[in-house]
Amino acid sequence: SEPVPNLGTIWHPISEDPPTGVDLVWLDANGYSDTGMYYGSGDIESVCTIQWPEARWWARLPEDSYGD
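Residues numbered from 1 in each chain as written. Predicted model: local features only at pLDDT ≥ 70, side-chain atom pairs only at ≥ 80, totals over all residues. Heavy atoms only, no water.

Re the overall build of the protein chain
Basically, it comes down to this: Numbering of helices and strands starts at the N terminus; helices are DSSP runs of H or I of at least 4 residues and strands are runs of E of at least 2. Throughout this description, buried means an accessible area under 20% of the type-specific maximum (1.4 Å probe, protein chains only), exposed means over 50%, and partly exposed covers the range between. Two residues form a contact once any of their heavy atoms are found within 4.5 Å.
Assigned secondary structure in the protein chain consists of zero helices and six strands. Reading the secondary structure of the protein chain in the N-to-C direction produces β-β-β-β-β-β. Out of the 68 residues in the protein chain, the part that is buried amounts to 25%. Within the protein chain, contacts between residues at least 6 apart in sequence are counted, and of these 43% link residues at least 24 apart.

Section: the pairing of strand E4 (residues 33-40)
Which entries qualify depends on this criterion: Here, strands pair whenever DSSP counts at least two bridges between them.
Bridge count for strand E3 (residues 22-28) against E4 is six bridges, and the pairing is antiparallel. Counted as the bridge partner of Leu24 is Gly36 from E4. Counted along the chain from E3 to the antiparallel partner E4, the turn is four residues long, and its residue Gly31 has a positive phi close to 90°.

These results come straight from atomic positions and should not be treated as a statement about function.
Here you go:
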């Protein structure tokens, strides 16, 4: 995992399974990205700009802090 400068985001290789039920952003080898909730075993809820098997890296989206 590598931190992204100035963002503090940690990107994980797709071989590391994300926690089930969290919101993620993922990138493919060409730099295209998508977001959605990860349900485990490669199942995602998203508009699917890219499909999970095409992904190379993922990061957990920050928790929504609006409305506090």
